[in-house]
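If you want the building blocks of each chain, they are given just below.
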Amino acid sequence: MEEPLKRYGVGYALAPKKRASFIQLSLVNLAKERGIDLIKIDADKPLIDQGPFDCVLHKLYGDDWKRQLKDYASQNPHALIIDSPESIERLHNRISMLQVVTELEIDGQMASFGIPKQTVIYDAKMVSALYLENEGLKFPVIAKPLVADGSAKSHKMLLVFNKDGLRKLKPPIVLQEFVNHGAVIFKVYVVGDYVKCVKRKSLPDVTEDNLGRLESYLSFSQVSNLNTCEKNDDKYYKLMNLDDAELPPLSFLTDIARGLRRATKLHLFNFDVIRDNRVGNRYLVIDINYFPGYAKMPNYESVLTDFFWDVLNRNDKGIESLTKGNCKKEVRVLVGNNGCGEDEGALPVSPIKMEDNEDPILV
């Protein structure tokens, strides 16, 4: 007589918007066929009173949630927590987020990679052209909130063309070098060992000729107003004129993804890459996001179901091979970072005066 299929329980604790986009019926049914039951965790009830779960999948924040996860893990030592809050928090700071990229050691025979120049600003009124020049920056620059916690505020970004634009910003902010990249961004999704790269439309290039005729700043947001089926269709790419954009070598992106995964100890994330127009085979990592919108990724149901199966059966090599992270000090301006232990010392702070601000957003 054939033995019944062993069943696993994967509890998910997600904000309503994330839950609505990720927990699709197609994913639930496919996982169920593999013996994996996706079970909603009630955030209004103690986690310790729910389950038991073989795995806890989460994207909630706060000290209380961290404490609940810690208590649950101590009483359920065999349950997998994906991923640890401490590892996730490193991505909440736009400086420490990209610092990890500079620590990677990857064979770059086919291409090279890095990050844009950037600095942290605590008083926009004190920023001068000389200061920007000393930091290796010049207009235009991208202004981003320092905090990248997935909130609406953290996605408010501006392309700043002159000093007048800087005066409209509310620090603390990150000023990041704007690099012409052919108006195409490459979004690299990572799900355990799986790596998938897709093309998306990005900001247009800015030339010296039109720089002086532009307004002081320009707001922008992600291109995300098309539904999943449209984004997976060839017509979408033709509509966005992305056919001519050549994808970076997959093996090259996989090496970066593997390096990031080991350094961050994360299993579910994506990173955004642009091709530097000044050097054709050089790529810049400009952003890293934890637990991104996987439903926008082609065939996401199979990819995530395979991932759940692998981790639950300990087939995911990454879980065993992850080593303790090594947080090095940033040689440029950097703010405090929860990703490093206290014994590593505080990361250096921007020389510009720090001021108390209620909300680190752009106005």
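Rules used throughout
Residues numbered from 1 in each chain as written. Predicted model: local features only at pLDDT ≥ 70, side-chain atom pairs only at ≥ 80, totals over all residues. Heavy atoms only, no water. UniProt positions renumbered as here; feature names shortened; annotations may be inferred. Helix = DSSP H or I, 4+ residues; strand = E, 2+ residues; numbered from the N terminus. Buried < 20%, exposed > 50% of the residue type's maximum accessible area, 1.4 Å probe, protein only. Contact = heavy atoms within 4.5 Å. Areas by Shrake-Rupley, 256 points an atom, 1.4 Å probe, with all protein chains shown as cover. Pairing = 2+ DSSP bridges. Axes fitted to C-alpha atoms, helices over the stretch in contact; angles between N-to-C directions. Core = buried A, V, L, I, M, F, W, Y, C linked by side-chain atoms within 4.5 Å. Domains from an automatic or database assignment.

The chain is annotated in an unreviewed UniProt entry as Inositol-tetrakisphosphate 1-kinase from Nicotiana attenuata. As stated in UniProt under Subunit (unreviewed entry), the record for the chain gives "Monomer." Per UniProt, the comment on the chain under Sequence similarities (unreviewed entry) is "Belongs to the ITPK1 family."

Notes on the overall build of the chain
Across its full length, the chain holds 13 helices and 14 strands. Put simply, the chain has 363 residues, and 49% of those count as buried. In the chain, 71% of the contacts between residues at least 6 apart in sequence involve partners at least 24 apart. Accessible surface, the chain: about 18,600 Å² in total, of which carbon and sulfur atoms supply 50%.

A few points about the UniProt feature "binding site: 1D-myo-inositol 1,3,4-trisphosphate" (unreviewed entry) in the chain
Per the UniProt annotation, the sites labelled "binding site: 1D-myo-inositol 1,3,4-trisphosphate" (unreviewed entry) are K18, K59, H155, K187, N289 and G293. You can see K18 is positioned in helix 1 (residues 16–22). Among the residues examined, K18 registers a relative accessible area of 14% and is labelled buried. Residues within four places of K18 in sequence aside, it is in contact with I23, K59, F291, P292 and G293. Not counting the four nearest positions on each side in its chain, G293 is found in contact with K18 and Y189.

Concerning the sheet that holds strand 2 (residues 36–40)
Sheet architecture is open: four strands sit in the order 2-1-3-4, paired in parallel fashion. At either margin of the open sheet sits one strand with a lone partner, and together these are strand 2 and strand 4 (80–82). Adjacent strand axes in the sheet meet at a mean angle of 20 degrees, parallel and antiparallel pairs treated alike. As paired elements, strand 1 (residues 8–14) and strand 3 (residues 55–59) share five bridges and run parallel to each other. The partner of A13 across the bridge, within strand 3, is H58. The strands that helix 12 (residues 300–312) touches are strand 1, strand 2, strand 3 and strand 4; relative to strand 2, the one it contacts most, it runs at about 100 degrees.

Describing the sheet that holds strand 10 (residues 184–191)
Sheet strands pair by backbone hydrogen bonding; their relative direction is either parallel or antiparallel. Pairing is mixed across the open sheet formed by five strands, whose spatial order is 5-14-13-10-11. Edge strands, defined here as strands with exactly one partner in the open sheet, are strand 5 (112–114) and strand 11 (194–201). Pairs of neighbouring strands in the sheet enclose a mean axial angle of 30 degrees, with direction left out of account. Note: strand 10 against strand 13 (residues 268–275), six bridges, orientation antiparallel. By the bridge assignment, V190 is partnered in strand 13 with F269.

Remarks on the nonpolar core
Within the largest apolar cluster, 61 residues are counted, with the highest numbers of intra-cluster contacts made by F22, L268, F271, I288, Y294 and L304. In terms of residue count, helix 12 provides more of this core than any other element does, seven residues in total. Split by domain, the residues of this core number at least three in each of domain 1 (8–83 + 309–317) and domain 2 (90–290). Counting residues in each nonpolar core, the second largest holds 14 residues, with V127, L137, L158 and L166 among its members.

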